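# Understanding the architecture of this molecule
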Amino acid sequence: MNFTVGFKPLLGDAHSMDNLEKQLICPICLEMFSKPVVILPCQHNLCRKCANDVFQASNPLWQSRGSTTVSSGGRFRCPSCRHEVVLDRHGVYGLQRNLLVENIIDIYKQESSRPLHSKAEQHLMCEEHEEEKINIYCLSCEVPTCSLCKVFGAHKDCEVAPLPTIYKRQKSELSDGIAMLVAGNDRVQAVITQMEEVCQTIEDNSRRQKQLLNQRFESLCAVLEERKGELLQALAREQEEKLQRVRGLIRQYGDHLEASSKLVESAIQSMEEPQMALYLQCGRRRVGAMSKVELAGRPEPGYESMEQFTVSVEHVAEMLRTIDFQPGASGEEEDEEVALDGDEGTAGPEEERPDGP
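Residues numbered from 1 in each chain as written. Predicted model: local features only at pLDDT ≥ 70, side-chain atom pairs only at ≥ 80, totals over all residues. Heavy atoms only, no water.

Naming follows an unreviewed UniProt entry, where the protein chain appears as Tripartite motif-containing protein 54 of Aotus nancymaae. What UniProt records for the protein chain under Sequence similarities (unreviewed entry) is the sentence "Belongs to the TRIM/RBCC family." (UniProt positions renumbered as here; feature names shortened; annotations may be inferred.)

Next up, the structure:
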């Protein structure tokens, strides 16, 4: 069924009043603001009763006004913009009243009560019975209609009810539904906040574990560097000992060579000695003695080899490749284990570690 507005005069004034009325509608109860009207920090307005209903739905454990204990306040979200409103210990009674809106409501009600501008001009009229106002509601068809439609028209066999009764009931149901939606939105926002906190905790824990992992591998690298230095020192000592021995032999052979060369020169000069007795007395005896001198032994075969200092790291590398995370192990327990292992590893290094490879 179609409806038409039963008045056309003063259309501009009525339109302005309608726009003004829309601005004075509470987003919770969908009715005109009832005093006192409170203004939120986001500059939206609510009936104090509606604000208290939303606040109580969002803070079920908050002590109501007049209780023996004083709470520390609470919070809820504006139903218009979802801005979070933080209250003090007075709850919604601590919100500032919007006296300007209350004065505008008073002026609007005065203007609306004037004759010729009454709400009678704004009644919806039945299209089939142009002189009849829409005053009943068809429960079967779920549409508003007029009394003549019930008596003679299309709704004569339908069940009807007074229009104000259905209007109040559906408006109350809609208000309850809005309050439930607002409370549900607050719960969803709380879940989102919790999940955002979980994300932040995951990032913090991951950052901490990365630092611990870097510390573990840096400690392993320090152990490897320390052991490498010890092995290099052992290799350097062996090198120095062998070089000293071989160089000592070189000096001995050099001294013998020098003495032998001088003796050769002396022997050649004695070959030119004209006196036979003197020649027989000195030259041959010295040459024979030098030829019988025994030199120090030479290094044994393979003495120069350093293969005994070869280090096998394949099994250690394979063991390092098996390093993996330990599920369920806390960072504090790992720190204590590393500290204990470090204390045991530093005890008696000279006794536990051999000088050689």
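## Quick notes on the packing of aromatic side chains
Considering all chains together, one arrives at 1 aromatic pair under this definition. Ring centres of F55 and F76 lie 6.2 Å apart, and the angle between their planes is 70 degrees; on these two criteria the pair is classed as edge-to-face. Remark: F76 occurs in strand β4 (residues 75–77) and F55 occurs in helix α2 (residues 48–58); sequence separation between them is 21 residues. Of the two residues, F55 and F76, neither departs from the other in class, the shared state being buried. Its guanidinium or amino end placed over the ring of Y303, K242 lies 5.1 Å from that ring's centre, counting from NZ or CZ. Over the face of the ring belonging to Y303 we find R245, whose NZ or CZ atom lies 4.7 Å from the ring centre. (Phe/Tyr/Trp six-rings, centres within 6.5 Å; stacked < 30°, edge-to-face > 60°. Helix = DSSP H or I, 4+ residues; strand = E, 2+ residues; numbered from the N terminus. Buried < 20%, exposed > 50% of the residue type's maximum accessible area, 1.4 Å probe, protein only. Lys NZ or Arg CZ within 6 Å of the ring centre and 35° of its normal.)

## Quick look at the nonpolar core
If you look at the biggest cluster of nonpolar residues, it comprises 27 residues, and the most contacted ones within it are C26, F33, L40, L46 and F76. Elements represented by at least two residues in this core include exactly β2 (37–39), β3 (45–47), α2, α3 (99–112) and α5 (163–270). A total of 4 residues in this core trace back to one element, the largest contributor, which is α2. Not counting chain neighbours up to four residues away, the residues in contact with L40 comprise L46, F76, C78, V85 and L95. (Core = buried A, V, L, I, M, F, W, Y, C linked by side-chain atoms within 4.5 Å. Contact = heavy atoms within 4.5 Å.)

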